[in-house]
Amino acid sequence: MAHARSHSSHSQSQPQPQSLAAYSLTGWEISFLDPLRDHRNALIILNQPFSFPLLDRLWHSSRWHACADGGANRLHDLLKDLDGKDKRHLFTPDLIKGDLDSLRDDVRTYYSSRGVRIVYDHDQDSTDLMKCIAALVEDERAERHVEQNTIVILGGLTGRLDQTVHTLSLVHKLRRSRKRTFVITDDNVAWLLDAGEHRIHVDHTLFGPTCGLLPVGIDSTILTTTGLRWNLTDHPSSFDGMVSTSNHLVPEEPVVSIKTTKPIWWTMELRPLAPIQGPSPQ
């Protein structure tokens, strides 16, 4: 059901609102699309298409860069002949990791010549994305007493449905150990809001107009929102009931507030990105 409104009826069998008094308030801002800001971001590139303007912003706002197996093919091929120029050397990842069944020989040879760490992991009980996250955790432990990086996953919401569901499932579970994990494509950005109250600062030049609240991986939740075109007040949301899809951000509202009794996915449409202003790298 799209455009869920707060005046929708409730049935007696639907769950009742739960107290959020014990839950903390979490603030959110999508700063990783601004390469001029100071960041502790870790970028993981998956084997799905992406544009150069999006890559450029994410890369320069991240301090750690990894390709999950065939993600290295995507990076390599996009940059090899970009507007008639070879820009591969300007975007050299720290790591390529996975079972390497998708990594092409020419791509492996090129990045090996650039000194990139290429790690074969045969574990068939973990995906290439999971292997890259494990490598990030190891690197963070080696630094000691350093704040966690924000994980930014490029890809994971398009292509094969089973892989998309894996992305949603993995991020759902990561909420127990990682403070902030985002998934982004050229179409949208999404992340999990844990039970509690959230304040999301929205840059309307980058995001909109559509947004959604998706009860994936839970039986149901109770939602209250402000700052949306169609707000909710103590409204149940579930796959068997109401799902707030195709809602709209309000340009006059710089902040969206969301209260949820269970973890829920929040997604915003990403507007077409302009190239980063400044001298073009050679």
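What about the environment of Ser169?
Here Ser169 is to be found in helix α5 (residues 161-174). Ser169 sits in the partly exposed class, given a relative accessible area of 31%. It is 7.2 Å that separates the C-alpha atoms of Ser169 and Gly217, two residues lying 48 residues apart in sequence.

Description of the environment of Gly212
Position of Gly212 relative to the elements: it lies in strand β10 (residues 207-214). Excluding its chain neighbours within four sequence positions, the residues that come into contact with Gly212 are Ser244, Trp265, Trp266 and Thr267.

Here we look at the nonpolar core
Counting residues in hydrophobic clusters, the biggest one holds 51 residues, and the most contacted among them are Leu33, Leu55, Ile184, Trp191, Phe207, Trp266 and Met268. Sort the elements by how many residues they give to this core and helix α1 (residues 52-60) lands first, with five residues. Each residue touching Ile184, except ones within four places of it in the same chain, is listed here: Phe32, Leu33, Leu54, Leu58, Val152, Ile153, Leu154, Gly155, Val189 and Leu270. By size, the runner-up hydrophobic cluster in this structure holds 22 residues, among which are Ile44, Ile151, Leu170 and Leu174.

Some remarks on the confidence of the model for the protein
Across the protein, the average pLDDT comes to 90, with 89% of residues at 70 or higher. In the model, residues 1-21 has pLDDT below 50 throughout and makes 43 contacts with residues more than four positions away in sequence or in other chains.

Structural notes on the sheet that holds strand β1 (residues 25-29)
Taking strand neighbours across the sheet as the criterion, the five strands line up as β1-β9-β14-β11-β12 in an open arrangement whose pairing is mixed. At either margin of the open sheet sits one strand with a lone partner, and together these are β1 and β12 (235-237). On average, each strand axis in the sheet is inclined to that of its neighbour by 30 degrees, with strand direction left out of account. Taken together, the four bridges between strand β11 (residues 221-226) and strand β14 (residues 255-260) define a ladder with antiparallel strand orientation. Pairing of Leu223 across the sheet is with Thr260, part of β14.

A look at helix α2 (residues 71-80)
Where α2 is concerned, the buried positions are Gly71, Ala72, Asn73, Leu75, His76 and Leu79. Residues of α2 that are buried sit in contact with β2 (41-45), α1, β3 (64-68), β4 (95-98) and α3 (105-113).

Rules used throughout
Residues numbered from 1 in each chain as written. Predicted model: local features only at pLDDT ≥ 70, side-chain atom pairs only at ≥ 80, totals over all residues. Heavy atoms only, no water. Helix = DSSP H or I, 4+ residues; strand = E, 2+ residues; numbered from the N terminus. Buried < 20%, exposed > 50% of the residue type's maximum accessible area, 1.4 Å probe, protein only. Contact = heavy atoms within 4.5 Å. Core = buried A, V, L, I, M, F, W, Y, C linked by side-chain atoms within 4.5 Å. pLDDT = per-residue confidence, 0-100. Pairing = 2+ DSSP bridges. Axes fitted to C-alpha atoms, helices over the stretch in contact; angles between N-to-C directions.

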